[in-house]
Amino acid sequence: MTLAFPFGKNDCQANAFLKELPMMNETITEKPDFDFENFTFGVQATDQMLVAKYENGAWSNFQIGPVKNISLSPLAMCLHYGQTVFEGLKAFKTTDGKINIFRLESHFKRMNRSLERMAMPALPASCFIDGIRELVSKESQWVIDDPEYALYIRPFAIATENKLGVDASHDYLFMVILSPLKAYYNSPLRVVVETNYIRSAKGGAGAAKNGGNYGASLLPQQKAKKEGFDQIIWLDSNEKKYIEESGTMNIMFILNGKTLLTPALSDSILDGITRDSIIKLAPELNLEVEERSIQISEIIDRIASGEQVEGFGVGTAAVISPIKEISYKGDSFETYVQEDAGMYRIKEMLSEIRRGIRPDPFGWSDLV
Ligand SMILES: *Cc1c(COP(=O)(O)O)cnc(C)c1O
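About the cut-offs
- Residues numbered from 1 in each chain as written.
- Predicted model: local features only at pLDDT ≥ 70, side-chain atom pairs only at ≥ 80, totals over all residues.
- Heavy atoms only, no water.
- UniProt positions renumbered as here; feature names shortened; annotations may be inferred.
- Helix = DSSP H or I, 4+ residues; strand = E, 2+ residues; numbered from the N terminus.
- Rg over C-alpha atoms; globule rule 2.2 N^0.38 Å.
- Buried < 20%, exposed > 50% of the residue type's maximum accessible area, 1.4 Å probe, protein only.
- Contact = heavy atoms within 4.5 Å.
- Areas by Shrake-Rupley, 256 points an atom, 1.4 Å probe, with all protein chains shown as cover.
- Lys, Arg positive; Asp, Glu negative; His and termini not counted.
- Charge placed at Lys NZ, Arg CZ, Asp CG, Glu CD.
- Near = heavy atom within 4 Å.
- Polar contact = N/O pair within 3.5 Å; in protein donor to acceptor, adjacent residues only side chain to side chain.
- Nonpolar A, V, L, I, M, F, W, Y, C, P; charged D, E, K, R; others polar.
- Salt bridge = Lys/Arg side-chain N within 4 Å of Asp/Glu carboxyl O.
- Axes fitted to C-alpha atoms, helices over the stretch in contact; angles between N-to-C directions.
- Parallel < 35°, antiparallel > 145°, perpendicular 65-115°, else oblique.
- Left-handed = near helix turned anticlockwise from the far one by under 90°.

For the protein, an unreviewed UniProt entry supplies the name branched-chain-amino-acid transaminase and the organism Cyclobacterium amurskyense. UniProt annotates the protein under Cofactor (unreviewed entry) with the comment "pyridoxal 5'-phosphate". Taken verbatim from the UniProt record of the protein, the Function (unreviewed entry) comment is "Acts on leucine, isoleucine and valine."

### With respect to the overall build of the protein
The number of helices and strands found in the protein is 8 helices and 17 strands. Its C-alpha atoms give the protein a radius of gyration of 21 Å, near enough to 21 Å, the size a compact globule of 368 residues would have. Overall size of the protein, expressed as C-alpha extent along the three principal axes, is 65 × 55 × 35 Å. For the protein, with 368 residues in total, the buried portion stands at 52%. Considering only contacts in the protein between residues 6 or more positions apart, those separated by 24 or more positions represent 71%. Surface exposure of the protein reaches about 16,800 Å², of which carbon and sulfur atoms provide 49%. Of note, the protein has its 39 positive side-chain charges centred 2 Å away from the centre of its 49 negative side-chain charges.

### Observations regarding the site of the ligand
Taken together, 14 residues sit near the ligand, with K209, Y214, E245, T274 and T316 positioned nearest. Separating an oxygen atom of the ligand from a side-chain N or O atom of T274 is a distance of 2.6 Å. Among the elements of the structure, β11 (249-255) and α6 (273-281) are those that each provide at least two residues to the shell around the ligand. Within the shell around the ligand, the residues separate by chemical class into 4 nonpolar, 6 polar and 4 charged.

### With respect to the side chain of D366
Looking at where D366 falls in the secondary structure, it is placed in strand β17 (residues 365-367). Judged by relative accessible area, which is 18%, D366 ranks as buried. With residues up to four places along the chain from it excluded, the contact list for D366 reads I99, N100, I101, L104 and R133.

### Quick look at the pattern of salt bridges
Enumeration according to the criterion identifies 22 salt bridges in this entry. Where K182 meets D146, a salt bridge forms, and the shortest distance between an N and an O atom there is 3.0 Å. One end of the pair, K182, is in strand β7 (residues 172-182); the other, D146, is in the loop between α4 (125-138) and β6 (149-159), and 36 residues separate them in sequence. Measuring nitrogen to oxygen at the nearest pair gives 3.2 Å for the salt bridge that ties R190 to E325. Linking R190 in strand β8 (residues 189-193) with E325 in strand β15 (residues 319-328), this pair joins segments that are 135 residues apart in sequence. Taking the relative accessible area as the measure of exposure, R190 reaches 27% and is therefore partly exposed. Residue classification places E325 among the buried residues on the basis of a relative accessible area of 15%. The network of salt bridges with shared partners includes E290, R292, E298, R302 and E307.

### A short note on the packing of helix α3 (residues 104-117) against α4
Relative orientation of the contacting elements α3 and α4 amounts to 140°, with a least axis distance of 10 Å. Judged on the interaxial angle alone, α4 and α3 are oblique. The handedness of the crossing between α3 and α4 comes out as right-handed. Touching L104, E105, H107, F108 and M111 of α3 are A125, F128, I129, I132 and R133, all from α4. Here the residues of the contact of α3 with α4 are counted per class, giving 7 nonpolar, 1 polar and 2 charged.

### Let's talk about the UniProt feature "modified residue: N6-(pyridoxal phosphate)lysine" (unreviewed entry) in the protein
UniProt tags K209 as "modified residue: N6-(pyridoxal phosphate)lysine" (unreviewed entry). By the element assignment, K209 lies in the loop between β8 and α5 (211-226). What makes K209 buried here is its relative accessible area of 11%. Ignoring anything within four residues of it in the chain, the contact list for K209 reads T84, V85, F86, E87, G88, R110, S114, Y214 and L270.

Below is the structure:
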């Protein structure tokens, strides 16, 4: 179904448009036929998706409908030159029965920054924000009341012009799919400091959430796994001295239960929204925040001299991934993972805000 709609250049008026859709009147109240107790993340989308098209210089043809396969020409540019951008965010059930889409506005802004870096057209707020709100409320039966559960939201945009010449595409598709996610207890990881490959270089596109960054990180990850590690710590491209990120997450340390230490943002580090949330919550946990460059040798030296060092990856999907061991040039160093570690308190606090148990002074909750 393609619906013509007179979109303005800067606004696809999703809300006004959606109200006119006949499918808006269908309310689905039943729980879907899905085993919420036992499932693998990311292999199943929910029943409905959102699609918008960019053609002739404007986003249009905004629609929400059943999840379907998409048809692309083999000439479609996204299949060749990696002009793709994505986001990842989550919706939670609050204890009073509402649905909270966590930090929707921040994800919208970051999506547009990523699109800009990849020479792709910005999305109007009405398309991303109102569109996601509408899709999630239509799929509300997929947001179950369980503190471990979230509905993962995956917005993404791809270049769809049919042309093999290397250029920015003139046509794009924006889509949003939803997938159930359960955060089982993640056991602390053994991570290895990668001293050969890098994730991202100064001046590159590492600060954008573009698919290519992930493609390039798979081989080093695979090699680390073969050597018995769960994850990689990435170093900077110039000197291979400074810590950047861990796998596909930002990285943080808590020193002696007092200082929250994390690499300062740059064009080679992704501006994580979980990272930002934790930095803002730190004062409440009596943690002093240091955002600066961190040499790997500083962390190693601190651990070797007996300081209590917690290390953890932070990102939307797993929230907090505790690190128990850091391997650097063949030597292993143990980080602090006891039950009283600050990282667990951070995780708890975030979860309480998302579920509406703890007040949200930052306006992070978008209730539908
Ligand atoms: C998405 C992502 C993160 C985490 O960002 P969140 O907004 O916290 O989910 C960190 N690093 C990379 C490379 C990412 O793609």
